Each structure stands twice: as C-alpha cells, then as structure tokens.
Amino acid sequence: MEMDMTYVVYAVMSLGGVGLLMGLGLGLASKKFAVEEDPRLGAVIDALPGANCGGCGVAGCAAFAKAVLSGEAKPNGCPVGGAECVTKISEILGIEAKITEKMCAFVRCGGESSFSRNNYEYYGLLDCSAAAQLAGGSCKACVYACLGGGSCVRACKFGAMNIVDGVAVVDKAKCTACTMCVLSCPKSLIELIPHKAEVTVTCSSNDAGKAVRANCSVGCIGCKLCERACAFDAIHVTNNIAKIDYATCTNCNECVKKCPTGSIISQTCESPKNPRSIN
C-alpha cells in the first residue's frame, strides 16, 4: 500500500513538473514572439467616428486605425470623419494634414412615379437586386431608372437615404459619403459628387431622345442645349447623356434654364420644366 502511494506521489510530482516547464516555456515564447502594439493605436481609434461603416475599405474603425499606422491607409481615408478627423490623426502621426474635398452621394435618376412610365406593376420583394431580375430589368419602362426598392436606404447607417415617389433621394445634411449606398445599387445609379455642387443631371439613360421621351418626361434627351448655354465648358453630352465637370462648374444655372425636359436641376434655381428642382 505504501509502495502504491509512493508511485502516486511520484506521478503527481512528475505531472506538476511537466506542467511547470510547459508554462515557463509558453511564457518565454509569448514574450519572444509577441507583436508589440503601436502605442498610438488607441489615440487613432479615438479620433475616428466609430461608425464601423466600411466606407474606408476595411472592416471597421479599429482595422482602419491599424492600416493607417502601418502605412497601408492614408489619414484622410475615412469619409465619415471629415476634416476634423484627418487633422487629429495627422497630429498623432506628426505629419501635415491633407484635407480632401467633402463629397456627397447623388442618385442619377429623377424618374419619380409622376414623371416616368411603368411597363407593369410589381408587388414582389422590396429589394433592388431582386427587382433587377424582372423581365426588362425592372417594371419601369426606362431600364436605367431607379428601382425604388430601398436597398440603398437599408445600406445607409446614417439615415441619409429615402425613397420619394419611387426614387431614391439623398439627404445631403446627413450624408457622410461612406459609399455604402453606391455599392448597394444594382443599377450603379449612385455616385459621389462634391458636397458643394448645386447643379446636377438627374438622369442616366443612354437611349436616344425619342425613346427617353416615351419613358420619362424629365429624362435627358441629349439635345446639347446645355453645352451651348454653358460659358465655362463645364457640361458635355456623351453617349446621349449630359455630364457635369464639377471641377469647372460655377453653378451659374444657365444649363438648368435651357434644359427642355428639366433633367438638369439646381438647389438655387427653379427649373422651368421640373418643379422638384429646388430642394
């Protein structure tokens, strides 16, 4: 019996010794192979808005902060934080702040139900990707039109997107240019434009003028009257659609006044053809 107890004691001591050695080994290994955390990481994370929207291109604010410190992302890469965020991060890094122009999402479609025509009524799932699989690309006569399913509304974490009369509309005051709505649109109708832009083309159709008129009363017909009206060479018709060069546009509103369909609208000038121009 005493011999059996001796074996038990030896066994326990042996196991304890092995455990102790393994613990010491793991402790030494953890110190040797430990990845030191940049002491500035917490400060950079605190400088970020904490939205975790993914607009910077990585999964969340903490990941973006690490990318900035490693040089994989630029300090001005957060579209939500704005100039204040860029300034704080640049101060932490000890570099000069490079402020980029504030941007805003814009939906290149003005074909609300009162202006556009439907080929048939759709009563299915309120999801743009699902609606885009319908015959003809959607129930709307214009294949380029906003589907109005609200995918962009659900994608926006800031409440900046709304569906008004069947078309997505951006609330500029709430928009952070996070690009989530841009990525959610199966028709690629949403783009980022300068926040200061006042004049916009609310159409994306590449159809000829006759087809556009048959589908939507406020669609761009590619007439080029806007080109001739602009004294600053800031708008051109390419592939049947007018496009504004925001780098040269002065918001003079001459193109708005000349547009025969009201597809060009302004925040400061009422269109003679489109009552929704001023918003």
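In case you missed it, the structure is sitting above this.
These lines cover the structure that appears in this document, whether it is placed above or below. (Residues numbered from 1 in each chain as written. Predicted model: local features only at pLDDT ≥ 70, side-chain atom pairs only at ≥ 80, totals over all residues. Heavy atoms only, no water.)

1. Let's talk about the overall build of the protein
At step 1: A tally of regular secondary structure across the protein gives ten helices and eight strands.
At step 2: When the 279 residues of the protein are sorted by exposure, 38% land in the buried category.
At step 3: Residue pairs at least 24 apart in sequence account for 55% of intrachain contacts in the protein once pairs closer than 6 positions are excluded.
At step 4: Within the structure as shown, the protein displays about 15,500 Å² of accessible surface, and the carbon and sulfur contribution to it stands at 58%. (Helix = DSSP H or I, 4+ residues; strand = E, 2+ residues; numbered from the N terminus. Buried < 20%, exposed > 50% of the residue type's maximum accessible area, 1.4 Å probe, protein only. Contact = heavy atoms within 4.5 Å. Areas by Shrake-Rupley, 256 points an atom, 1.4 Å probe, with all protein chains shown as cover.)

2. Some remarks on unusual backbone geometry
At step 1: In this structure, Asp233 is a non-glycine residue whose phi angle is positive, near 55°.
At step 2: By the element assignment, Asp233 lies in the loop between helix 9 (225-229) and strand 6 (235-238).

3. Remarks on the nonpolar core
At step 1: Val107, Cys109, Met161, Val170 and Ile190 are the most contacted members of the largest nonpolar core, which has 19 residues in total.
At step 2: Where this core is concerned, the elements lending two or more residues are strand 1 (103-107) and strand 3 (167-170).
At step 3: Once residues lying within four places of it in the same chain are set aside, the contact partners of Val107 are Met161, Ala168, Val170, Leu189 and Ile190.
At step 4: Core analysis: the second largest hydrophobic core is formed by 18 residues, Val44, Ala67, Ala73 and Cys178 among them. (Core = buried A, V, L, I, M, F, W, Y, C linked by side-chain atoms within 4.5 Å.)

4. Quick notes on the pattern of salt bridges
At step 1: Across all of its chains, the model carries six salt bridges by this definition.
At step 2: The closest approach of N and O atoms between Arg108 and Glu191, which form a salt bridge, is 3.8 Å. Taken together, the positions of Arg108 in the loop between strand 1 and helix 5 (128-131) and Glu191 in strand 4 (residues 190-194) put the pair 83 residues apart, joining distant regions of the chain.
At step 3: Taking relative accessible area as the criterion, Glu191 reaches 31% and is therefore assigned partly exposed. (Salt bridge = Lys/Arg side-chain N within 4 Å of Asp/Glu carboxyl O.)

5. Quick look at the pairing of strand 3
At step 1: Across four bridges, the pairing between strand 2 (residues 161-164) and strand 3 is antiparallel. Each residue of the ladder has a partner; that of Ile163, found in strand 3, is Ala168.
At step 2: Where strand 2 hands over to strand 3, the hairpin turn is made up of two residues, of which Asp165 adopts a positive phi near 50°. (Pairing = 2+ DSSP bridges.)

6. Brief notes about helix 3 (residues 61-70)
At step 1: Taken residue by residue, helix 3 has Cys61, Phe64, Ala65, Ala67, Val68 and Leu69 as its buried positions.
At step 2: Each element contacted by the buried residues of helix 3 is listed here: helix 2 (41-47) and helix 4 (82-93).
At step 3: Looking one or two residues beyond helix 3, the residue adopting positive phi is Gly71, at roughly 85°.

7. Side note on the environment of Ser113
At step 1: Turning to its location among the elements, Ser113 is positioned in the loop between strand 1 and helix 5.
At step 2: On the basis of relative accessibility, which here comes to 48%, the residue Ser113 falls in the partly exposed class.
At step 3: Taking the C-alpha atoms as reference points, Ser113 and Cys216, separated by 103 residues in sequence, lie 9.3 Å from one another.
At step 4: Leave out the neighbours within four places in its chain, and Ser113 touches Asp165 and Gly166.

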